[in-house]
Amino acid sequence: MLLQVQRLTMRYGAAEILSGIDLALEAGELLAVVGPNGAGKSTLVGALSGELSATEGSVLLQGQPVATYAARELALRRTVLPQSTSLLFHFTVYEVVQLGLHGAREAGADLHAPGLIAATLDQVGIAHLRDRSVPTLSGGERQRVHLARCLVQMAASPRLGPKLLMLDEPTASLDPAHQHRVMEIARAFTQSGNAVIAVVHDLNLAAAYADRLVMLHGGRVAYDGPVEGGLTRPLLAEIFRLDADILPHPRTGRPVILQSGTV
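Residues numbered from 1 in each chain as written. Predicted model: local features only at pLDDT ≥ 70, side-chain atom pairs only at ≥ 80, totals over all residues. Heavy atoms only, no water.

Peer 1: I would appreciate a short explanation of the nonpolar core in the present structure.
Peer 2: Counting residues in each nonpolar core, the largest one holds 54 residues, and the members touching the most others are Val93, Leu213 and Met215. It is helix 6 (residues 139-155) that contributes the most residues to this core, seven residues altogether. Grouped together as the second largest cluster of nonpolar side chains are 29 residues, Leu2, Val33, Ala39 and Val45 included. (Core = buried A, V, L, I, M, F, W, Y, C linked by side-chain atoms within 4.5 Å. Buried < 20%, exposed > 50% of the residue type's maximum accessible area, 1.4 Å probe, protein only. Helix = DSSP H or I, 4+ residues; strand = E, 2+ residues; numbered from the N terminus.)

Now the structure itself:
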């Protein structure tokens, strides 16, 4: 098991943000985490990545408590693409993506860095931006730069086994074509023997790409299972207050959510 979470609870003062979360993730899975605003999705990403300390419970990555990894060792095994990333220095796209190699170089990895970076820039669709200053880019372009950095970071240390890519609302600033491209990249990452946890607001994107769905509501897991089992009229009404119909996609057979309003 790549990731194991048991009875995870997160509190800030008297406020309990997450309560008793149990979760497991295997290599090869793309897990979509969905839920209304304030459900605890970003806090969950912070706890699973080791960026936030759990109030109670445990998070194991590759069988070891995430809190016990040295920062460099953890960075070789998992990476996080946050909702937004600010960069004030005028680094070029190439220089920012190259930062993903830092930990692997410290660990003595033998890397063909230019080839890896060039292939990743092409994969994410930003090869033409390689010499641009990152602060001059649009929000969507910057998000794709940091996705490329994350991918390079995970590709740099293959000897350490399956990796975990965590995406916190990775498509929020992207146009529809690039939203699908990001999810296709996430799917390809899992097909290479790794795993992805993606927090998404667009339920149709989750339906199109995820292997499994976790619904958070009020800091608790309201559903964990196959996509088709979670995207039902009763659950969408209960969790999201949505009046929606769910139909099979005419080509893929995956669920398509047709929203008609609120309940």
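Peer 1: I'm lost on the environment of Tyr12 in this one. Help?
Peer 2: As for its position among the elements, Tyr12 is in strand 1 (residues 3-12). Measuring from C-alpha to C-alpha, the distance between Tyr12 and Thr55 comes to 8.8 Å, with 43 residues separating the pair along the chain. When sequence neighbours within four positions are dropped, the list of residues in contact with Tyr12 reads Ile17, Thr43 and Leu52. (Contact = heavy atoms within 4.5 Å.)

Peer 1: Looking at this structure, I do not really get the sheet that holds strand 5 (residues 64-65). What am I missing?
Peer 2: What links the strands of a sheet is backbone hydrogen bonding, and the strands pair in either a parallel or an antiparallel sense. An order of 2-1-4-5 is seen for the four strands of this open sheet, with the pairing classed as antiparallel. Looking along the sheet, the strands with just one partner apiece sit at the ends: strand 2 (15-25) and strand 5. Each of strand 1, strand 2 and strand 4 (56-61) touches helix 1 (residues 41-49); the most contacted strand, strand 1, lies at about 120° to it. (Pairing = 2+ DSSP bridges. Axes fitted to C-alpha atoms, helices over the stretch in contact; angles between N-to-C directions.)

Peer 1: Which parts of the structure should I look at to understand the pattern of salt bridges?
Peer 2: Scanning the entire structure with this criterion turns up 11 salt bridges. We note a salt bridge from Asp243 to Arg233, for which the minimum N-O separation is 2.8 Å. Here Asp243, found in strand 11 (residues 242-248), pairs with Arg233, found in helix 10 (residues 233-240); they are 10 residues apart in sequence, far enough to count as distant. Using a relative accessible area of 25% as the deciding quantity, one classes Asp243 as partly exposed. (Salt bridge = Lys/Arg side-chain N within 4 Å of Asp/Glu carboxyl O.)

Peer 1: Honestly, the side chain of Asp168 in this entry has me stumped. Any pointers?
Peer 2: Tracing the backbone through its elements, the reader meets Asp168 in strand 7 (residues 164-168). Side-chain polar atoms of Asp168 contact the side chain of Ser42, separated by 2.9 Å. Filtering out sequence-adjacent residues up to four positions away, Asp168 remains in contact with Ser42, Leu81, Pro82, Gln83 and Val199. (Polar contact = N/O pair within 3.5 Å; in protein donor to acceptor, adjacent residues only side chain to side chain.)

Peer 1: Help me understand helix 5 (residues 113-124) in this model?
Peer 2: The periodicity of an α-helix, 3.6 residues per turn, causes residues three or four places apart in sequence to face the same way. The end-to-end C-alpha separation of helix 5 is 17 Å, in line with the 16 Å expected for 12 residues at 1.5 Å each. Listing the buried residues of helix 5 in full gives Ala113, Ile117, Thr120, Leu121 and Val124. All buried residues of helix 5 project into a common sector of 100° when viewed along the axis, lining one side. Of the residues one or two after helix 5, Gly125 is the one with positive phi, at around 85°. (Expected span 1.5 Å × (residues − 1). Arc of directions from axis to C-beta.)

Peer 1: Which parts of the structure should I look at to understand the packing of helix 5 against helix 6?
Peer 2: When two helices pack together, their arrangement is given by the angle between the helix axes and by the axis-to-axis distance. In contact at an axis separation of 9 Å, helix 5 and helix 6 are set at 135° when each is read in the N-to-C sense. Relative to helix 6, the element helix 5 lies oblique. Taken as a pair, helix 5 and helix 6 cross one another with a handedness that is right-handed. Contacts between helix 5 and helix 6 involve Leu116, Ile117, Thr120, Gln123 and Val124 from the former and Arg144, Leu147, Ala148, Leu151, Val152 and Ala155 from the latter. Considered class by class, the residues forming the contact of helix 5 with helix 6 number eight nonpolar, two polar and one charged. (Parallel < 35°, antiparallel > 145°, perpendicular 65-115°, else oblique. Left-handed = near helix turned anticlockwise from the far one by under 90°. Nonpolar A, V, L, I, M, F, W, Y, C, P; charged D, E, K, R; others polar.)

Peer 1: What is the right way to read the environment of Ile17 from this model?
Peer 2: By secondary structure assignment, the location of Ile17 is in strand 2. The exposure class assigned to Ile17 is partly exposed, which follows from its relative accessible area of 25%. Taking the C-alpha atoms as reference points, Ile17 and Arg132, 115 residues apart in sequence, are found 40 Å from one another. Excluding residues that lie within four positions of it along the chain, Ile17 makes contacts with Met10, Tyr12, Ala39, Gly40, Thr43 and Gly219.

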